[in-house]
Amino acid sequence: MKKLLTIVAIFGIAAILSAQNKSEKNTMEKAKELAKKIIIVDTHIDVPYRLEEHFEDISKRTEKGNFDYVRAKEGGLDAPFTAIYTPAHFENEGGGKELADKLIKMMNKIANENPDKFKTAKSIDEIIQNHNNGIISFVYGMENGTPIEGKLENLRHFYDLGVRYVTLTHSKWNHIGDSSYDDDKHWNGLSPFGEELVKEMNRIGMMVDISHVSDSTFYDVLKITKAPVIASHSSCRFFTPGFERNMSDEMIKALAENGGVIQITFGSSFLSGKLKDLRKQRSQTVSKYVKENNLSGDAAKEYRKKYYAEHPVPYADVKDIADHIDHVVRLVGVDYVGIGSDFDGVGDSLPTGMKDVSDYPNLIAELLKRGYSEEEIEKIFSGNIFRVWREVEKISSELKSE
Ligand SMILES: [Zn+2]
């Protein structure tokens, strides 16, 4: 009798497990279908600067990096905002505008050479058209306003080239405003030029991106802007206490009130305070050794690489990304959250299950498991950023006709 019960129990558990497997498989299949069906916009992929440092043919599967055509198609990605990124030191050294022009030219060339795979897009309509033709859109977002170089005509120049948002600062304060990463709060928010810039961005229909800026810069922007703003790649400070680069609950509420959107970013350090601390400690240990032993250039890089390989730290998980999305939804609702991965920009820190652009279905599956509807998932993957973009264009045409 006892034996029989055991056999029944084993069969019972096996049946439950197989049903679970089947339902996981169904969810994954549904997620993959959905990824193909809906438009996926990722508002921050650092592929231009990656190629500037180490060129590869991204029309084929590449060995390095997190983005290429083949993997983007696998993941259902339609429109990456490719980051026209300028490192902070260009602010004082000059040459930022030249670098930005060069990166845009390079991305245009890649699109022109692969017309069946990539096309540049300057509007939502063009993204939709490209999606219908199975083509991936390159949209440009400028990371760091340094290339504006204090001239509003440069802003218009970049708009004409297809840049549709400007992240006002990067890791240091610049002529536009203060940065979250910089202890020197030079302007205590936006600079006088930064205020003019935000107004001109409203007028010409360019989205203002508040990722990377300090808290007071963020609140200054909200005081001035007539249009909703975006955080192109930021996560929730709730999970990373004290980390100014992420947004606090109060800021997320203020952003939603403004009609804007926070695009959750994927790096492990942005998702978990514990992992951020571990990574910081490891980095500081290496920096100390490098300094004490007078290592520089490639020797320092090599040492860091070797040390990191020998001292691995855990990664966040795709579930953590869903936790951040849940958090924003709990705070302000499903209309104010999206995704801005920072693929090709955060090195070896991407979460398990979200290592490159082929992995978006894993996040969709996680959201389906948590009860998100298809409509809600579509909002997160493109609907919300499209709403903000449309509103920015509407307000621009109103301001122009004033
Ligand atoms: Zn960034």
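Residues numbered from 1 in each chain as written. Predicted model: local features only at pLDDT ≥ 70, side-chain atom pairs only at ≥ 80, totals over all residues. Heavy atoms only, no water.

Thoughts on the environment of Glu374
Here Glu374 lies in helix H16 (residues 374–401). As for Glu374 and Asn188, which are separated by 186 residues in sequence, their C-alpha atoms are 42 Å apart. Once you skip the residues sitting within four places of it in the chain, Glu374 turns out to touch Lys30, Leu34 and Lys37. At 3.0 Å, the side chain of Glu374 and the side chain of Lys37 are in polar contact. (Helix = DSSP H or I, 4+ residues; strand = E, 2+ residues; numbered from the N terminus. Contact = heavy atoms within 4.5 Å. Polar contact = N/O pair within 3.5 Å; in protein donor to acceptor, adjacent residues only side chain to side chain.)

A word on the domain arrangement of the protein
One can read the domain layout of the protein as domain 1 (28–272 + 316–401) and domain 2 (274–315). The centre of domain 1, based on its C-alpha atoms, is set 28 Å off from the matching centre of domain 2. At the junction of the two partners, domain 1 supplies 13 residues and domain 2 supplies 6 residues. Taken together, both faces of the contact between domain 1 and domain 2 bury some 730 Å²; the carbon and sulfur share is 52%. (Domains from an automatic or database assignment. Buried area = accessible area lost by both parts, 1.4 Å probe.)

Considering the packing of aromatic side chains
Aromatic rings considered in pairs are described by the distance between their centres and by the relative angle of their planes. Following the criterion strictly, the structure yields 15 aromatic pairs and no others. The interplanar angle of 55° and the centroid separation of 5.7 Å between the aromatic rings of Phe81 and Trp389 together place this pair among those described as tilted. One end of the pair, Phe81, is in strand S2 (residues 79–85); the other, Trp389, is in helix H16, with 308 residues separating them in the sequence. This pair shows no difference in class: Phe81 is buried, exactly as Trp389 is. Aromatic rings pair up to connect Phe67, Tyr69, Phe118 and Phe138 into one cluster. Just above the ring of Tyr308 sits the side chain of Arg282; from NZ or CZ to the centre is 3.8 Å. The residue whose ring lies beneath Lys355 is Tyr315, and the NZ or CZ to ring-centre distance is 3.5 Å. (Phe/Tyr/Trp six-rings, centres within 6.5 Å; stacked < 30°, edge-to-face > 60°. Buried < 20%, exposed > 50% of the residue type's maximum accessible area, 1.4 Å probe, protein only. Lys NZ or Arg CZ within 6 Å of the ring centre and 35° of its normal.)

Digging into the coordination of the zinc ion
On the protein side, the zinc ion has Glu143 (OE), His212 (NE2) and His233 (NE2) as donor atoms, found 2.0 to 2.2 Å from it. Along the chain, the residues donating to the zinc ion fall in the pattern E-x68-H-x20-H. Of the two residues, His212 sits in the loop between strand S6 (207–209) and helix H9 (215–224) while His233 sits in the loop between strand S7 (230–231) and helix H10 (249–257), which places them 21 residues apart along the sequence. You can call His212 buried: its relative accessible area is 5%. (Donors = N, O, S within 2.8 Å, 3.2 Å for Na, K, Ca; no water.)

What to know about helix H6 (residues 124–132)
All of the buried residues along H6 are Ile124, Ile127, Asn130 and His131. Angular distribution of buried residues about the axis of H6 spans 125°; they occupy a single face of the element. Turned more than 90 degrees off the buried face of H6, the exposed positions are Asp125 and Asn132. At the C-terminal side of H6, Gly134 shows a positive phi close to 75°. (Arc of directions from axis to C-beta.)

Side note on the pairing of strand S4 (residues 136–143)
Among the 8 residues in S4, 8 count as buried, and that is most of the element. The alternating pattern of S4 places Ile136, Phe138, Tyr140 and Met142 and Ser137, Val139, Gly141 and Glu143 on opposite faces, both of which are buried. The sheet contact formed by S2 and S4 spans 5 bridges and is parallel. Along S4, the bridge assignment pairs Phe81 with Val139. Summarising the sheet, strand S3 (residues 118–120) and S4 pair through 3 bridges and their orientation is parallel. (Pairing = 2+ DSSP bridges.)

Focus: the environment of Gly95
Position of Gly95 relative to the elements: it lies in the loop between helix H4 (90–93) and helix H5 (96–113). Accessibility expressed as a relative area gives 27% for Gly95, which makes it partly exposed. Between the C-alpha atoms of Gly95 and Ala83, which are 12 residues apart in sequence, the distance is 17 Å. Once you skip the residues sitting within four places of it in the chain, Gly95 turns out to touch Phe90 and Glu149.

Points about the packing of helix H15 (residues 360–369) against H16
At a minimum axis separation of 10 Å, H15 and H16 run at an interaxial angle of 145°. H16 is crossed by H15, and the crossing has right-handed handedness. Residues Tyr360, Leu363, Ile364, Leu367 and Leu368 of H15 touch H16, and the partners they reach there are Ile377, Ile380 and Phe381. Taken together, the residues of the contact of H15 with H16 sort by class into 8 nonpolar, no polar and no charged. (Axes fitted to C-alpha atoms, helices over the stretch in contact; angles between N-to-C directions. Left-handed = near helix turned anticlockwise from the far one by under 90°. Nonpolar A, V, L, I, M, F, W, Y, C, P; charged D, E, K, R; others polar.)

So, the environment of Cys236
Mapping Cys236 onto the fold places it in the loop between S7 and H10. Along the sequence, Cys236 and Gly145 sit 91 residues apart, while their C-alpha atoms lie 23 Å from each other. Non-local contacts of Cys236, meaning those with residues more than four positions away in its chain, are made with Asn246, Met247, Ile252, Ile264, His324, His327 and Val328.

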